[in-house]
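Secondary and tertiary structure notes
What follows is each chain in one-letter form.
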Amino acid sequence: METLLALLFGLLLAAACYLLLARSLPRVIIGLLLLGNAANLAIIAAGRVAGTAPPLVERGAQALAAGASNPLPQALVLTAIVISFALTAFVMVLAWATWRSEATLDPEALRRAEPAALPSTDKQEAAEAEARP
Amino acid sequence: MIAARADWLLALPVLIPLLACALSAALRGRPLVQRAVTATAAAAMLVSGAALVAEVLGRGVIASQMGDWPAPFGITMVADLFAAAMVAITALIYAATAAYAPADAGMRAQEALWHPLLAALVLGVAGAFLAGDLFNLYVWFEVMLIASFGLLVLGGGREQLDAAVKYAVLNLMATTVFLIAVGLVYGLTGTLNLADMARRMPQVPNQGAAAAVAFLLLAAFGAKAAVFPLFFWLPASYHTAIAPVAAIFAGLLTKVGVYAMIRLVTLVFPAGQDWMAPLLWAVAAGTMVVGVLGAAAHWDIRRILSFHIISQIGYMIVGLAVATPFAIAGAVLYIIHHIMVKANLFLVAGAIRRAGGSFSLAALGGLWRRDPWLGILFAIAALSLAGLPPLSGFWAKFMVVKSGFDAGWYALAAVALGTGILTLYSMLKIWIEAFWKEPPEGAAVVALAGRERWLLLGPVAALALVTLGIGLWAEPFAAYALAAGEQLAGREAYIAAVLGARP
């Protein structure tokens, strides 16, 4: 099971890297989602996947019975899913706003905050280049 | 069990901004009430921060288990001298930007959103400083991140959208790397509590995996701290934010990353993996040089200042790389000095923009003749950043560089000194262009006057006074930093405070 999860983790990571390097914001967002899911898989895989019984301590017992699943990674993953949901929603709105105002989704073409070239060594030219876009 | 004083002191720096966030979000549309809420919260936070520092000075490291679940199972909040000082300085910056913001011209339409987002940001920052648990640290980072996304796009301009896309994507990647590392650390050590992890990390049989995890964590925190190869989001975004937002970002956000790096390296990996010292060496030198050269190339005040954030982070990493108690104390003093001075410089930049009509050095000029006080306040912050005596930057830089020479890291100390000279160069560039040169034809001339002048320059003057105070009366601050350095280097106090007397 761990091997399978590890392979899946690697696959998701590779796909995420590929998408994050794309010059299109929707792809980048999907890449972020995949990366988040890879992280969740890593947490689950790291926290013992053997047990399947619910992690409840029986009446009178002092510890979990053998074969109980580990509740902590699940709690961590739940938190992480909620957070990545909120952040992804924000980035999607951001991409939508960018599309409406700039009519492009190519991050390379977004040059309002970061000019394409080095600033000029002449301050007047630099100021003009800044004001142009 | 009734919560003891330590529990309250540790919870209040988180509770106050949380309440302020909820209240000011509910009071949208009533800017005056919102301002009152933020002002009250900032004042309360200053008091609780000071009380926390006093308590930690008196009793050493204090820890609190939320809900009384014993460590390492529950959520732990810890404050040592370093963390307490960071909380107090966060409160100071909160108060300064809160006082400055209503007078800032870029703010007017956005003020309803500014108050809750500012409180949320401070909540995340204070929580991150007090977290005693790696996963909580991750959650506080995310709180901070979502609030900073909101603050960055506050102006609603097209420039800000571009900046926010780059800021958001790169920071999200960094936090996801952090999350992956959290999962792997849990798999290796079976714990997420930092103190417990410090005890168990040396016993991990697979030290290669431990090194990989340490690298992942350092990379994630390094991206937050904007260190050399991972800083690209910072110059792409900070200069687009409105002045009070840029000030609080510049002061606090990157320093949370540095704080996390120092905490991780001193507490969990104190013996240091073999690769760690050379790596930190290269990162520190690269960060200083690239940052300061980037600043030298620019002609826009905010861009210059943004690049200087990066170069100054390098000095803190020098302290961490040298890693003697004295060096760590230097890093601690450097962070405290830097948060104040950098936030102050961005606030001054906002005032310069108001008085001169532009951030671009080409369009500015003649400010010294029009408003000498603005010039003096800028000069105090700028010369402190460059590290000239008798200002706070001198002592911070002195400690860091001396620790480098003491430990025989001559090349690194030389790089640090050279970076100081180049920092002075860019500060003088701003000074000559904006204050001394004749104003260019057709430059906007807006005299800062009356109430607005007081509101803009009041917080700046207060922060400048603190800088001067640290510079002229350095002894108690240096002693505090040295004690904090000792405490970070000898980590037993921290571990004992969190885990109690358990073996």
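Refer to the structure above for everything that follows.
How each quantity is defined
- Residues numbered from 1 in each chain as written.
- Chains lettered and ligands numbered in written order.
- Predicted model: local features only at pLDDT ≥ 70, side-chain atom pairs only at ≥ 80, totals over all residues.
- Heavy atoms only, no water.
- Helix = DSSP H or I, 4+ residues; strand = E, 2+ residues; numbered from the N terminus.
- Contact = heavy atoms within 4.5 Å.
- Phe/Tyr/Trp six-rings, centres within 6.5 Å; stacked < 30°, edge-to-face > 60°.
- Buried < 20%, exposed > 50% of the residue type's maximum accessible area, 1.4 Å probe, protein only.
- Buried area = accessible area lost by both parts, 1.4 Å probe.
- Salt bridge = Lys/Arg side-chain N within 4 Å of Asp/Glu carboxyl O.
- Polar contact = N/O pair within 3.5 Å; in protein donor to acceptor, adjacent residues only side chain to side chain.
- Nonpolar A, V, L, I, M, F, W, Y, C, P; charged D, E, K, R; others polar.

Before going further, it helps to spend a moment on the side chain of B:R302. You can see B:R302 is positioned in helix α12 (residues 301-322). Each residue touching B:R302, except ones within four places of it in the same chain, is listed here: B:H239, B:T240, B:A241, B:F346 and B:F359.

This brings us to the packing of aromatic side chains. Per the counting criterion, the structure on display carries 25 aromatic pairs over all chains. Between B:F82 and B:Y259, the aromatic rings sit 5.0 Å apart at their centres with planes inclined by 40°, giving tilted as the arrangement. Residue B:F82 is located in helix α3 (residues 81-100), and its partner B:Y259 is located in helix α10 (residues 243-268); the two are separated by 177 residues in the primary sequence. Take B:Y259: its relative accessible area is 3%, and that puts it in the buried class. Members of the aromatic cluster, connected to one another through ring pairs, are A:F90, B:F149, B:Y167, B:W233, B:Y238 and B:F249.

So, on to the interface of chain B and chain A. Across the contact, 38 residues belong to chain B and 45 residues belong to chain A. With both chains or domains summed, chain B and chain A bury close to 3500 Å², and 75% of this area falls on carbon and sulfur atoms. The interface formed by chain B and chain A contains one salt bridge. For the pair chain B and chain A, the number of links is three residue pairs in polar contact (both at pLDDT 80 or more). Taken together, the elements giving at least two residues each to the side of chain B that touches chain A come down to α5 (134-152) and α6 (158-189) of chain B. Element by element, the count of residues in the side of chain B that touches chain A is highest for α6(B), at 18 residues. Looking at the side of chain B that touches chain A residue by residue, the classes come out as 22 nonpolar, seven polar and nine charged.

The subject of this paragraph is the pattern of salt bridges. All names here are of chain B. Scanning the entire structure with this criterion turns up 15 salt bridges over all chains. Of the charged contacts in the structure, one is a salt bridge between E111 and R35, with a shortest N-O distance of 2.8 Å. Separated by 76 residues along the polypeptide, E111 in helix α4 (residues 111-130) and R35 in helix α2 (residues 31-59) bring together distant segments of the chain. Here E55 ties to R59 by a salt bridge, and the two come within 2.7 Å at their closest N and O atoms. With a gap of four residues between them, E55 and R59 both fall in helix α2, about one helical turn apart. Taken together, the shared-partner salt bridges in this structure form one network comprising R5, E55 and R59.

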